[in-house]
Each structure stands twice: as C-alpha cells, then as structure tokens.
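Structural characterization, general
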Amino acid sequence: MLRRFLLKLFRRRRLQQDLDAELAFHLAMSSQIENPIRLGNTANLKEQAFDLWRFNFIENLWRDLLYAARGLSRSPALLVCALLSLSLGIGANTAIFQLLDALRLRNLPVQNPQQLAEVRIAGGHHDMGVNPGNYPELTQPIWQEIKRRQHAFSGVFAWSAGQSNVGPNNDLHRVNAIWVSGNFFRVLGLRPWRGRLLLPDDEGPCPESTAVVSYPYWQNQMGGAALGGSIIVDGERKQVLGVTPPQFFGLSVGENYDVALPLCRPKELRRDVFDVAVMGRLRSGWNLERASAQLQAISPGIFADTVPEGRSAQFTNTYKHFRLAAFPASAGVSLLRKQYDSSLWLLLTITGLVLLIACANLAHLLLARASTREREIAVRLALGASRNRLLSQLFVEGALLASVGAALGISLAQFLSRLLVWALSTEGNPVSLPLALDWRVLFFTAGVAAFTCIVFGTFPARRAIKAEPVSAMKASGRGMTAGHGSFFMQRLLVVLQIAVSLVLLFGALLFMRSFRKLITFDPGMREADITVSILAFQQSHVAPDHYKDFQRQLLNELRSIPGVVNAATTTNIPLLGGSWGHVVRVGSIEGDSKFTWVSPSYFDTMGIPLITGRDFNAADTSDSLKVAVVNRTFVRRFLGHADPIGRSLRTEPERGYPSTVYQIVGVIPDTKYDDLRNETPPMAFSPASQFPDPHPFSIMLIHSKVAPDTMLTTIKRVLARQHPGVVAVGGDFQHWVREGMARERVMAMLSGFFGFVAALLAMIGLYGVISYLVVNRRPEIGIRLALGASRWQVIAMVLKEARSLLLLGIAIGIVLSLFAGRAATALLFSLKPYDPATVIAASILLGVVALLASFLPARRASQLDPMIALRYE
C-alpha cells in the first residue's frame with residue numbers, strides 16, 4: 001500500500017495528465033450523444049481524485065510547513081528561545097541516554113552475544129579470599145572443575161584483566177592486558193584480523209611465551225608492522241601471534257584492552273585467590289534458568305573439592321554452601337556500570353525535568369504567540385476555514401519546532417556525550433565507549449521530540465482555535481488568550497516551572513555541597529606532598545629469603561634523595577580501594593580486622609599521631625615478639641574500655657599467613673582506610689619485617705617537598721643507575737585519591753549546570769508570563785495611573801501577582817524535593833537528602849532570581865503613559 005502511494009506521488013504529473021485527458025475524452029464523447037452524461041464541475045472532480053490519491057494532504061502539509069517557517073522567521077526572539085531550550089533539553093537527554101546505551105544496552109561485538117552467560121557464585125563470595133581485580137569472581141581450581149563438570153555450555157572460557165608493563169626497563173609503558181584461556185576467542189566467535197588468535201595449545205606452564213594484540217595497539221604502538229615479531233611484557237619476551245578485529249575491545253565495557261595473554265598454569269593453583277571470571281555460550285535449547293539449575297546441581301561437589309586449606313571450620317562450612325548460577329553476559333561486564341548506573345539514571349531524570357521546564361516555557365510562549373494571531377484566526381474562521389484545518393496548521397508549527405530542536409539536540413548530544421566520557425575518565429583509567437548513533441538512540445530522540453511536540457504544540461493550538469470570531473474581531477475584545485482560562489493555564493505552567501526548577505536547584509546544591517565535603521574531608525592522614533612509588537624487582541634475581549633486606553635497602557636509598565622528608569613501606573596504599581583483612585580473636589571476642597604491614601616510619605610519613613604506646617622500631621624483627629598498633633575502632637570493638645597496651649590478639653590461619661599472636665604496643669586515631677566514603681573499620685598495623693609472605697615488590701610512600709612527578713622521575717633515574725633490574729611506577733597520592741571522586745565530581749558538575757539552566761528557564765518563563773499579563777492589563781494600569789496611583793503601587797501590584805506564583809511553586813517544589821532527595825541518598829557524602837540548609841538556600845536563590853525576572857516587566861508597567869494605555873479603550 002505504501003509502495004503504491006509512493007509510486008503515485010512520484011508519478012503525480014503523469015497522473016494529472018492522464019486525468020485531464022480522461023475528463024477531456026468524456027466531455028468530447030458526451031457532446032456527441034443524444035443524452036449526455038453531466039459530469040458537473042470538473043475542478044471538483046479533480047479535487048475529489050486528488051483526495052483519493054492523498055495529494056491534497058501532501059500539499060496542505062507542505063504549505064503548512066512553509067507557512068510555519070515564514071511565521072517563525074518573523075519572530076526571531078521566540079525562535080531562538082524555542083530552539084535553544086529544545087536543543088538543550090533534547091540534547092542533554094540524548095547524551096545521557098547515549099551513555100546509558102553504551103554502558104548497558106549494547107551487546108558485545110561478538111557472534112550471537114545473546115547466547116553468552118557468566119558463571120558466578122550466587123550472592124558473591126563475601127571477600128572470603130584474595131581478590132586482585134575488579135571482575136574476577138572465581139578461583140582457578142573452581143574454573144577447572146567447572147570446565148570438567150558442566151553440560152550447559154557448548155563452550156566455556158576463563159579470563160581476567162589487569163595492567164602490565166610493556167617494553168624494556170628504560171622505556172616502559174603501562175598497557176591494559178587480559179589473560180584468557182585457550183578457547184576464549186573460539187567461543188566468542190572472533191576471527192583474526194591478522195595472523196591467528198590464541199588456541200588451547202597455547203596454554204601451558206607459567207610464564208607464557210605468546211601474545212595477541214588489539215587492533216588499536218597494533219596500529220598505534222606497533223605501526224601496523226608485519227607479524228612475527230615480539231614484545232616484552234613484564235620482563236618476559238612474548239611472540240605476537242595475531243591481531244584481533246578492530247571492533248573487539250574486550251569484555252569490559254569502557255576499557256579497551258591492548259594485549260591478550262594465555263592464562264598460564266602456575267606451579268600450584270591457589271584455592272584462596274579469586275582471580276578469574278568465567279563465561280560460556282549456552283547450548284542450543286538451553287536458557288539461563290536451566291543452566292543455573294545444572295550449575296547448582298554440580299556446585300556441592302565443586303566447592304567440596306576446592307576448599308582452601310588451613311581455614312577455620314566456620315569458613316569451610318560457609319564455603320561449601322556456595323552455589324553457582326548463570327547470569328546474562330551479552331553486554332559484557334563493566335566497572336563503570338557498577339559505579340555510575342544509578343548516577344546516570346538520576347541524571348536522565350534530571351535532564352527529563354529540564355526538558356519538562358523547557359516544554360512548559362515554550363507552551364506559554366506559544367500561547368502568547370497565539371494571542372497575537374487571534375484576529376487572523378478569527379478572520380479565517382469567519383471565511384469558512386475549519387477548526388481542524390487551523391488546528392493542523394498550528395500543530396505543524398509546533399512539530400516543526402520540535403523537529404528542528406531534535407536535529408540540533410542530536411548534534412549537541414554528540415558533544416555532550418564526549419564531554420561526559422572525558423569527565424568520567426581519570427589519568428589512570430581512561431574511559432573508552434562506543435558513542436556512535438544507533439537505532440535505540442535515534443528512536444529515543446524521536447520519542448522525546450514527539451513528546452515535546454505533544455506537550456507544547458497541541459495545547460496552544462487547541463487553545464487558539466477556541467476563539468469566537470465575532471468577539472475576537474472586536475477592537476476592544478480581549479481575545480481568547482486574555483480570558484480567565486488561558487491566564488489560569490499560564491499561571492499553572494509557571495508554578496510547574498518554579499516547582500521543578502526548585503527540585504533541580506536543590507539537587508544541584510545538594511551534590512555540590514556533598515562534593516565539597518568530600519574533597520575537604522580530613523581522612524586522618526597526610527594527603528599532600530606524598531609520592532607513591534611501586535618498585536618491582538622480579539628481574540633483579542633477588543632470592544626470596546632476601547626480599548625484606550632488599551626492600552629495606554631500597555627504602556634507605558630513597559630516603560637519601562634530596563628533598564625527601566621521610567619515606568616508608570606499606571603492603572596497602574590507603575584510600576585507593578585496596579583492602580586486606582584477617583579474622584582476629586581478642587580474648588573471647590572474634591571479628592574481622594584490616595591488616596597492614598608497614599615500616600617503622602610509616603605513621604610519621606603519613607602524619608598519623610600516636611595516642612598512646614610506641615611506634616615500631618629497628619628492634620622489631622622477624623625473630624622478635626610480634627607486635628601491632630591498632631586504631632580506636634579496633635579498641636572499641638574488641639576491648640571496650642580496657643587498656644589495650646600489652647593485650648594480645650590472635651589471627652586465624654590463612655594460606656601463607658599462619659595463626660599468629662600479636663601484642664598491642666600502640667594506638668592511633670581513627671583514619672579512613674580504603675575509601676573516604678566508607679566507615680572506619682577495625683585496623684591493625686604490624687612491622688614490615690614481620691610480614692609472613694614477602695613478594696618481589698615494594699610499595700613506598702614518600703613525603704617530600706618536591707612535586708610528586710619530579711620526585712618519581714628522580715626515583716627512576718636513581719634506580720636506573722644503581723638497580724637497572726628494578727621497575728618503578730607511581731604518582732601523586734593526593735591526585736590518585738581525587739581521581740577516586742570522579743562520580744561525585746561529575747554529579748556536582750552536571751547537576752550544577754542543569755540546576756542553573758532550570759533557574760534560567762524559570763526566570764525566562766516567569767518574565768514572559770508577567771510581561772504578558774502586564775500587556776493584557778495595560779488599560780487597567782492606565783486607569784489606575786490616571787486616578788493617581790503611584791508608580792511603586794503599580795510595581796507592587798505586579799510583583800504581588802509574581803509573589804503568589806512564586807510562593808505556590810516553591811511550596812510544591814519543597815515537597816517534591818524532599819521526596820526526590822531520597823533517590824540520591826546513596827550518592828551523598830556526609831549529607832542527608834532532606835538537608836534543611838540546602839532546601840532554604842535553594843528556595844532563597846530561586847526566589848531572588850524569580851523576583852528579578854518579575855521586577856523588569858513591573859517597572860516597565862509603572863512607566864506607562866495613561867493616555868497611550870487608555871487609547872485602546
């Protein structure tokens with residue numbers, strides 16, 4: 001049917017010629033017969049034919065579009081205001097939705113992604129082990145058992161992600177790496193762009209000797225060179241086998257990988273290290289529920305055979321009751337998704353409210369425009385134009401505005417979405433998201449445009465055609481928009497704008513205050529002037545029994561660098577998300593406590609004072625009495641009001657960490673541990689010399705009067721001269737902590753911007769309505785002035801109207817703000833969602849803005865000349 005209509009449309013000239021020829025033929029034939037058939041008015045016959053062919057509809061629509069374009073071009077102020085409001089509202093909504101689309105809705109660029117499922121422990125593993133990454137959910141022994149026992153998947157693979165150093169020691173650069181089992185690429189259905197991809201035969205004992213690189217890395221870092229060469233990854237030379245397809249970025253949405261390495265088999269598989277994620281492709285006819293049932297059936301045997309050794313009976317019992325399940329994995333995994341999911345939905349709501357304000361603004365602008373056209377509409381009605389025809393024409397005007405606004409909004413959305421990605425990125429974790437337009441984004445934008453068209457296009461159009469031609473054509477008639485009904489609707493729109501603007505302004509102030517509290521919060525330790533340096537010495541061939549001695553040697557060498565005030569080693573960098581804990585027992589009380597092993601100068605370096613007791617010293621060796629310094633929370637949790645000095649604590653055994661008795665020798669104040677947002681946990685510190693499981697790397701915190709970047713460059717230069725096999729990476733501690741506040745920064749920045757836009761739109765809306773009311777009350781104002789009213793009395797009269805609208809809007813807005821604030825509770829730091837100071841500040845700020853917007857038309861009304869104002873009466 002559509003095809004026939006389009007053929008008729010594009011063959012219109014020929015159809016018209018055929019119709020003319022047919023009518024001419026019938027007229028000629030009728031003139032030659034005795035009783036001719038009367039065809040009537042041939043013009044009417046043509047019109048009827050055009051109606052049947054839908055040509056009149058196309059012509060009318062085209063004329064309406066041209067008429068609307070000409071009419072809008074003669075009102076440049078309204079056109080600019082409308083398009084700016086629409087493009088901003090639609091563009092902001094599209095940008096946020098585009099980000100949500102890239103993070104949540106798009107499938108992985110692999111074969112049949114809807115068949116992929118992730119295997120995880122239902123409910124999580126509760127941190128019952130070592131968790132070295134963001135995505136790993138299972139241990140390698142569990143993975144091996146799944147591979148051997150499962151029947152739900154036609155193919156299953158394991159993988160993990162992290163960062164590696166590529167290049168020789170004197171030219172290292174950090175890359176994103178993934179470690180994958182041999183059938184990783186086969187199960188995903190990926191074909192190599194160059195060379196070949198990893199196969200099961202490439203798996204073997206550690207260290208692995210082969211690698212595959214991503215297309216961007218091959219182009220940018222390897223110059224698109226022919227394959228057959230090698231790269232050095234973490235000091236080991238790897239042969240590059242192939243290049244993955246350009247569209248494949250990995251399984252982590254937002255993070256592009258650079259190098260893929262085989263998941264090698266260590267000499268001994270750790271049962272307490274959750275370092276792999278497992279995915280598979282469902283067999284034909286299987287779904288997630290059936291796969292989960294099969295995984296649950298094999299779970300008791302898997303967990304019974306992979307229990308970590310040397311753990312308590314309670315730990316073992318909890319571990320054996322874990323159950324595996326299948327979860328959808330078509331969209332991959334994403335740390336950004338976890339961090340920003342609720343934030344992006346909240347931002348989409350905020351931008352939706354901005355669009356609603358813009359729609360309300362434009363609705364009464366078009367109402368005002370309709371009032372200026374009341375005489376034109378009355379004349380057209382009197383001449384016989386149908387109300388439906390006029391309604392269609394006015395609706396087309398609104399639809400044209402919405403369409404142009406949507407087109408501008410899509411263009412603006414591309415800029416805003418890339419700005420959002422930049423805001424989400426940090427120096428250590430740049431965000432990479434596919435932001436190309438697809439059908440979901442275009443469909444969303446079209447839906448938003450249709451919504452705006454219905455909201456601010458239909459109502460003014462319906463209002464406009466309700467005018468009575470006779471009354472509208474009278475010189476003294478007030479017209480249809482001067483009536484009580486129109487005034488009521490415009491007042492209602494302004495109240496709505498003020499209420500919604502207050503909600504957005506309240507949210508903006510709430511997020512900005514929360515972010516300010518976060519960046520000014522005292523974590524209980526020094527943040528500024530601290531350089532973090534992570535030193536790896538695997539390539540120095542230091543024997544494991546000399547790791548601690550070599551760490552002390554490196555620490556002493558770094559302390560001798562000019563500008564260094566103090567330096568210390570630690571097993572955990574505070575405030576950056578890292579965590580290590582033990583189950584401890586003090587007397588009869590058992591519970592969890594964080595544990596960190598530090599050098600004797602750690603507390604001085606980080607500016608943490610001792611409340612009582614002593615610090616660690618050189619006498620605290622691996623052979624001496626095991627000692628610990630604890631925080632106040634530890635004392636309250638395990639000792640109550642008892643004196644902690646001299647009391648003992650015992651740790652539960654773990655792999656590499658035998659049960660040990662520590663004597664408490666000191667107490668420090670409560671400081672933040674892994675994150676500024678989290679509550680302070682019980683914490684215990686022990687000397688680095690008593691660390692039971694040393695590794696060939698050392699984390700050093702350096703307090704210096706030199707800029708951290710300069711200090712790190714100096715450290716690398718010293719190490720290259722004295723210890724060429726030591727690799728150093730690091731950065732500014734305070735900068736890293738600030739990077740962890742990206743979510744709060746983005747929310748403060750965007751909510752502040754949209755709050756400002758909302759206040760601006762409300763100001764424009766209130767200004768427009770008060771101006772419109774003043775224009776319609778000019779005769780009344782003229783009479784008042786002629787009867788002796790002062791100019792200030794006129795200003796007070798106009799401001800009274802604005803005050804009523806403002807107070808009602810603020811009252812409704814306060815109620816809405818208190819309800820809306822609950823949705824932001826999880827995103828706030830040290831603030832309640834019903835914070836009264838923020839509500840009052842938002843109300844006062846919006847009130848001042850609104851009264852300023854109302855004062856200008858009030859002042860203009862007070863300067864009216866009574867004779868000119870009364871002339872129209």
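Residues numbered from 1 in each chain as written. Predicted model: local features only at pLDDT ≥ 70, side-chain atom pairs only at ≥ 80, totals over all residues. Heavy atoms only, no water.

Re the overall build of the chain
Of the regular secondary structure elements, the chain holds 26 helices and 22 strands. A burial count over the chain gives 50% of its 873 residues as buried. Contacts in the chain between residues at least 24 apart in sequence constitute 82% of all its contacts with a sequence separation of at least 6. Summed over all atoms, the accessible surface of the chain reaches about 41000 Å², with 58% contributed by carbon and sulfur. (Helix = DSSP H or I, 4+ residues; strand = E, 2+ residues; numbered from the N terminus. Buried < 20%, exposed > 50% of the residue type's maximum accessible area, 1.4 Å probe, protein only. Contact = heavy atoms within 4.5 Å. Areas by Shrake-Rupley, 256 points an atom, 1.4 Å probe, with all protein chains shown as cover.)

Quick word on the pairing of strand β12 (residues 530–536)
Buried residues dominate β12, accounting for 6 of its 7 residues. Two elements, β12 and strand β22 (residues 727–732), share 6 bridges in a ladder whose sense is antiparallel. Bridging from a neighbouring strand, Ala536 pairs with Val727 of β22. (Pairing = 2+ DSSP bridges.)

Topic: the nonpolar core
Considering soluble globular proteins, one finds that nonpolar side chains tend to be buried as a cluster. Counting 117 residues, the largest nonpolar core has Trp159, Phe184, Phe185, Leu188 and Leu433 as its most contacted members. Those residues in contact with Leu188, other than ones at most four positions away along the chain, are Val110, Gln111, Leu116, Phe157, Phe248, Leu251 and Arg281. (Core = buried A, V, L, I, M, F, W, Y, C linked by side-chain atoms within 4.5 Å.)

Digging into the pairing of strand β13 (residues 564–570)
Among the 7 residues of β13, 6 are classified as buried, and the element is accordingly described as predominantly covered. In the sheet, β13 pairs with strand β21 (residues 697–704) via 6 bridges, with the strands oriented antiparallel. When the bridges of β21 are listed, Asn566 appears paired with His703.

Describing helix α10 (residues 313–320)
All of the buried residues along α10 are Phe315, Thr316 and Tyr319. The buried residues of α10 all sit within an arc of 95 degrees when viewed along its axis, so they share a single face. The outward face of α10, more than 90 degrees from its buried face, is lined by the exposed residues Ala313 and Gln314. Against α6 (140–149), β10 (274–282) and α9 (288–305) lie the buried residues of α10. (Arc of directions from axis to C-beta.)

Quick look at the state of the cysteines
Summed over all chains, the structure comprises 1 disulfide. The residue that forms a disulfide with Cys206 is Cys264, at a sulfur-sulfur distance of 1.9 Å. Measuring the twist about the S-S bond at about 85 degrees, one finds the Cys206-Cys264 disulfide to be right-handed. Of this pair, Cys206 sits in the loop between β5 (194–195) and β6 (210–213) while Cys264 is found in the loop between β9 (259–262) and β10, placing the two residues 58 residues apart along the sequence. A residue is classified by how much of its surface remains accessible, and Cys264, at 13% relative accessible area, is buried. (Disulfide = S-S within 2.5 Å.)

Some points on the packing of aromatic side chains
Centre distance and the angle of the planes are the two values used to describe a pair of aromatic rings. Under the defined criterion, the tally for this structure stands at 26 aromatic pairs. Judged by centre distance (5.9 Å) and plane angle (55 degrees), the ring pair of Tyr215 and Trp218 falls under tilted. Of this pair, Tyr215 and Trp218 are both found in helix α8 (residues 215–220), 3 residues apart, which corresponds to roughly one turn of the helix. Taking 4.6 Å as the distance between ring centres and 40 degrees as the angle between the ring planes, the aromatic pair formed by Phe634 and Phe638 counts as tilted. In this pair, Phe634 and Phe638 are both assigned in helix α19 (residues 632–638), 4 residues apart and thus about one turn of the helix distant. Judged on exposure class, the residue Phe634 and its partner Phe638 are both buried. (Phe/Tyr/Trp six-rings, centres within 6.5 Å; stacked < 30°, edge-to-face > 60°.)

Here's the deal with the confidence of the model for the chain
On average, residues of the chain score 82 in pLDDT, and 86% of them are at 70 or above. Across residues 5–10 the pLDDT falls below 50, and counting only partners more than four positions away or on other chains, this stretch makes 8 contacts in the model. A low-confidence stretch, residues 475–485 stays under pLDDT 50, and its non-local contacts, those more than four residues away or across chains, total 23 contacts. (pLDDT = per-residue confidence, 0-100.)

What about the packing of helix α24 (residues 791–820) against helix α25 (residues 836–862)?
Contact geometry for α24 and α25: axes closest at 9 Å, N-to-C directions at 155 degrees. One way to sum up the angle between α24 and α25 is to call them roughly antiparallel. Judged by the twist between their axes, the crossing of α24 over α25 is right-handed. Contacts between α24 and α25 pair Arg791, Trp792, Val794, Ile795, Val798, Leu799, Ala802, Leu806, Ile810, Ile814 and Leu818 from the former with Val839, Ser843, Leu846, Gly847, Ala850, Leu851, Ser854, Phe855, Ala858, Arg859, Ala861 and Ser862 from the latter. Residue composition of the contact of α24 with α25, grouped by class: 17 nonpolar, 4 polar and 2 charged. (Axes fitted to C-alpha atoms, helices over the stretch in contact; angles between N-to-C directions. Parallel < 35°, antiparallel > 145°, perpendicular 65-115°, else oblique. Left-handed = near helix turned anticlockwise from the far one by under 90°. Nonpolar A, V, L, I, M, F, W, Y, C, P; charged D, E, K, R; others polar.)

Examining the environment of Ala363
Looking at the secondary structure, you find Ala363 in helix α11 (residues 335–372). Each C-alpha atom, one on Ala363 and one on Gly398, is 9.6 Å from the other, the two residues being 35 residues apart in sequence.

Concerning the pattern of salt bridges
Counting across every chain of the model gives 19 salt bridges. Its salt-bridge partner being Arg513, residue Asp835 comes within 2.4 Å of it at the nearest N-O pair. Within this pair, whereas Asp835 is found in the loop between α24 and α25, its partner Arg513 is found in helix α16 (residues 484–520), the two being separated by 322 residues in sequence. Residue Arg513 is classed as partly exposed on the basis of its relative accessible area of 31%. Ionic pairing is found between Glu527 and Arg738, a salt bridge with its closest N-O pair at 3.3 Å. In this pair, Glu527 is assigned in the loop between α16 and β12 and Arg738 in helix α21 (residues 733–739), connecting sequence segments 211 residues apart. The class for Glu527 is buried, based on a relative accessible area of 9%. Several salt bridges converge on common partners, so that one network encompasses Glu145, Arg148, Arg149 and Asp305. (Salt bridge = Lys/Arg side-chain N within 4 Å of Asp/Glu carboxyl O.)

Quick look at the environment of Arg186
With respect to the helices and strands, the residue Arg186 is situated in helix α7 (residues 184–188). Judged by relative accessible area, Arg186 falls into the exposed class, the value being 55%.

What about the side chain of Thr838?
Position of Thr838 among the secondary structure elements: in helix α25. A polar atom in the side chain of Thr838 sits 2.5 Å from the side chain of Asp835. Apart from the residues lying within four places of it in its own chain, the contact partners of Thr838 are Phe506, Leu509, Leu510 and Arg513. (Polar contact = N/O pair within 3.5 Å; in protein donor to acceptor, adjacent residues only side chain to side chain.)

What about the side chain of Asp615?
By secondary structure assignment, the location of Asp615 is in the loop between β16 (612–613) and β17 (627–631). Buried Asp615, no salt bridge; nearest opposite-charge side chain is Arg614, N-O distance 6.8 Å. (Lys, Arg positive; Asp, Glu negative; His and termini not counted.)

Observations regarding a nonpolar patch on the surface
On the surface, Tyr767, Trp792, Phe855 and Leu856 cluster together to form a nonpolar patch covering roughly 440 Å² of accessible area. Residue Phe855 is classed as partly exposed on the basis of its relative accessible area of 31%. (Patch = residues over 30% accessible without salt bridge, like charges linked within 9 Å, V, L, I, M, F, W, Y side chains within 5 Å.)

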